[in-house]
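# Chain and residue survey
Residue strings, one per chain:
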Amino acid sequence: MASYELAVIGSGPAGRRAAIQAAKLGRSVVVIENRLRVGGVSVHTGTIPSKTLRETVLNLSGWRERGFYGLSYRVKKDIEGKDLGARLRMTLDHEIEVLEHQFARNGVKTIGGVARFRDPNRLAVTDAAGETTEVEAARIVIAVGTRPFRPPHIPFNEETIVDSDTLVSNLRVPRSLTVIGAGVIGIEYATIFSALDVPVTLVEPRERFLEFVDREIIEEFQHDLRKRGVNFRIGCKLDHVEMGQDGKPVALLSDGRQIKSDMLLYAAGRIGATDGLGLDACGITPDDRGRLTVDPRTFQTSVPHIYAAGDVIGFPSLASTSMEQGRIAACHAFNAHMPPAPDFFPYGIYSVPEMSMVGLTEDEARARKISYESGIARFRETSRGHIMGLESGMMKLLFELGTRKLLGVHILGEGATELIHIGQAVLNLGGTLDYFVENTFNYPTLAEAYKIAALDAFNRMPAAASKAAS
Ligand SMILES: Cc1cc2nc3c(=O)[nH]c(=O)nc-3n(C[C@H](O)[C@H](O)[C@H](O)COP(=O)(O)OP(=O)(O)OC[C@H]3O[C@@H](n4cnc5c(N)ncnc54)[C@H](O)[C@@H]3O)c2cc1C
């Protein structure tokens, strides 16, 4: 039986980063992956496919140029599934090649097959041909991620009723789309297809969606989408789905309304991929959504030499945070020094328009009884915004009264997911409003919005709180 210092189950962002980190610490590492190729959900059905699709849609539809040339402007007139698929395949092949090379360069062994615990240190790995081998490891990282939640009463057929996996494996541009679930995935796909002028209806049972995003940003976002013709059915539950006589899905809602569309995307949640892991053989119990509980500082499960990282441990379920969790788990497993994690990490939502945020929202600042002032900049107030023909886009900064410390950054619009990192650096370094007021920014840039928003907050602050910035 092959024996390793670390076995990692799953080659997504968490598993990959744990494996590479352990290899860099000089440890023998094996990664077990049940897909044909490495990369996980992130590369095959999640992050990279959805972001490539978004980029392709924005380019082919001429979306970024419509502010100047009008709503009917197109780079390519009839955009079909095959136009979207071509770029996707090229991007995925390239990503996988980079990953395979990274594993090989660092001496990480990979085994294809489904891993299952035999006992707390032994895994049975069954490959596609049904052959089973055993792997023994002193430490194990469970990084198996999640899969879409597919309730039995939804008649998925992978053509007109799809989840986020089958949407990308069978790409087509529907004539109309119903999206069930206004979480990050539902919102991203709803707005990507809306940018292709597909009529979209979004159904969400909660009264508010993306509750972790600042309320004002969501209001602005929703206003933008309504102007574009996206229909919201907020506060409505999906009761069931029927097939119309023409073969099109009809969503029947709890309030009696019906939505007929060419395609229905069910994006209401994901569950941990732990059911086939044989966790009872090592004494770990998942929750009712298949997720595992860990010590948030070390990522150890209830069995100290078995770690879990990435989406399988739940919120925030991002590729970015999963990578960091995998790295911390590997460092802890092999007693490597770890500096404390920064206080705040950014969220990026690649909707059209995109959103990004770091730090506190207004609601959170109020709940913590922090006195604050906010400042807002509109992208159309910047010269770069004029040059780019931007009609929408905003940045909102929150500063603590008294200390003038930056508390939160909230951005909606072009470049939000890149721009956020300026705010993230200032926030995690404990910077204040003065940083933005006193520093020179490249001109013309969208980053100038930081200065405009900071000055806006400064102008609203009581004289005592704002005096140092004058
Ligand atoms: C549509 C979509 C869009 C997204 N967009 C973004 C984004 O823009 N930015 C962002 O940061 N995040 C995004 N995410 C989230 C991101 O993809 C996940 O956070 C990330 O993939 C989680 O990484 P992971 O390592 O936990 O697991 P995964 O990437 O899920 O990989 C786990 C791997 O383990 C394998 N596996 C499972 N069980 C076993 C077993 N028993 N034996 C062997 N192998 C097994 C799985 O097949 C899979 O390949 C998106 C997700 C989706 C679905």
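Residues numbered from 1 in each chain as written. Predicted model: local features only at pLDDT ≥ 70, side-chain atom pairs only at ≥ 80, totals over all residues. Heavy atoms only, no water.

## What to know about the overall build of the protein
Under the convention used in this document: Secondary structure is summarised from DSSP: a helix means a run of H or I of at least four residues, a strand means a run of E of at least two, and numbering begins at the N terminus for each. Here the globule rule is a power law, 2.2 Å times the number of residues to the power 0.38, and the radius of gyration is based on C-alpha atoms. Each accessible area is a Shrake-Rupley result for a 1.4 Å probe, and residues are judged covered by the shown protein chains and nothing else. Counted charges follow a simple rule, with Lys and Arg positive, Asp and Glu negative, and His plus the chain ends left uncounted. Every charge is mapped to an atom, namely NZ of Lys, CZ of Arg, CG of Asp or CD of Glu.
Along the protein, the regular secondary structure elements total 15 helices and 22 strands. The C-alpha radius of gyration computed for the protein amounts to 24 Å, which stays within 12% of the reference 23 Å derived for 470 residues, consistent with globular compactness. With the C-alpha coordinates of the protein rotated into their principal frame, the extents come out at 70 × 65 × 40 Å. Carbon and sulfur atoms make up 50% of the accessible area of the protein, which totals about 21200 Å². Counting 54 positive and 57 negative side-chain charges, the protein places the averaged centre of each group 1 Å from the other.

## Examining the site of the ligand
What counts, and what does not: Each residue is tested against the molecule or strand, and it is near if at least one of its non-hydrogen atoms lies within 4 Å. Polar contacts here mean pairs of N or O atoms no more than 3.5 Å apart (in protein, one a potential hydrogen donor and the other a potential acceptor; neighbouring residues in sequence count only if both atoms are side-chain atoms). We call Asp, Glu, Lys and Arg charged. Ala, Val, Leu, Ile, Met, Phe, Trp, Tyr, Cys and Pro are nonpolar, and the rest, Gly among them, are polar.
Around the ligand, a shell composed of 36 residues is seen, among which Ala14, Glu33, Asn34, Lys51 and Asp311 lie nearest. Here Glu33 contributes a side-chain N or O atom positioned 2.8 Å from an oxygen atom of the ligand. Ser42 places a polar main-chain atom, nitrogen or oxygen, 3.3 Å from an oxygen atom of the ligand. Burial of the ligand by the surrounding chains reaches 94%, relative to a free accessible area of 1000 Å². Those elements that provide at least two residues to the shell around the ligand are α1 (13–24), β2 (29–33), α2 (40–44), α3 (47–61), β4 (114–119), α7 (184–194) and α9 (319–333). For the shell around the ligand, the per-class residue count stands at 15 nonpolar, 16 polar and 5 charged.

## A few points about the side chain of Ser61
To keep things clear, this is the line we draw: Think of it in three bands: residues with accessible area under 20% of the maximum for their type are buried, residues over 50% are exposed, and the middle band is partly exposed, with areas taken using a 1.4 Å probe on protein chains only.
Counting through the fold element by element, Ser61 comes out in helix α3. On the basis of relative accessibility, which here comes to 1%, the residue Ser61 falls in the buried class.

## Some words on the packing of aromatic side chains
Applicable threshold: Note on aromatic pairs: the rings of Phe, Tyr and Trp (six-membered ring only in Trp) are paired at centre separations within 6.5 Å, and the planes decide the class, stacked below 30 degrees, edge-to-face beyond 60, tilted for the rest.
Evaluation of the coordinates by the stated rule reveals 9 aromatic pairs. With centroids separated by 5.8 Å and ring planes inclined at 10 degrees, the aromatic side chains of Phe209 and Phe232 adopt a geometry described as stacked. Taken together, the residues Phe209 in the loop between β10 (200–204) and α8 (215–227) and Phe232 in strand β11 (residues 231–234) connect sequence positions 23 residues apart. Relative accessible area serves as the criterion here: at 2%, Phe209 is assigned to the buried category.

## Re the nonpolar core
Worth spelling out the cut-off: Buried Ala, Val, Leu, Ile, Met, Phe, Trp, Tyr and Cys residues form a nonpolar core when they are joined through side-chain atoms within 4.5 Å. Note on contacts: a residue pair is in contact if any heavy atoms of the two residues lie within 4.5 Å.
By size, the foremost hydrophobic cluster in this structure holds 97 residues, and its most contacted members are Phe117, Ile142 and Met355. When residues no more than four places from it in sequence are discounted, the contact partners of Phe117 are Ile9, Arg122, Leu123, Ile140, Ile142, Leu277, Gly278, Leu279, Ala281, Cys282 and Ile306. Grouped together as the second largest cluster of nonpolar side chains are 28 residues, Val358, Met395, Val437 and Leu446 included.

## As for the side chain of Lys396
Along the polypeptide, Lys396 turns up in strand β21 (residues 394–400). Here Lys396 falls in the buried class, since its relative accessible area comes to 1%. A polar side-chain atom of Lys396 sits 2.5 Å from a polar atom in the side chain of Glu362. What Lys396 contacts, discounting residues up to four positions off in sequence, is Asp214, Glu216, Glu362, Ser374, Gly375, Ile376, Gly408, Val409 and His410.

## Side note on the sheet that holds strand β14 (residues 258–260)
Keep this limit in mind: Only strands joined by at least two bridges in the DSSP assignment are considered to pair. Axis definition: a line fitted to C-alpha atoms, limited for helices to the stretch in contact. Angles are taken between N-to-C directions and run from 0 to 180 degrees.
Across the sheet, which stays open at both edges, the 3 strands sit in the order β12-β13-β14 with antiparallel pairing between neighbours. The open sheet has two edge strands, β12 (238–243) and β14, and neither has a second partner. Sheet twist, expressed as the mean angle between neighbouring strand axes with direction ignored, is 20 degrees. Of the pairings in the sheet, the one linking β12 to strand β13 (residues 249–253) comprises 5 bridges and is antiparallel in character. Directly across from His240, in β13, lies its bridge partner Leu252.

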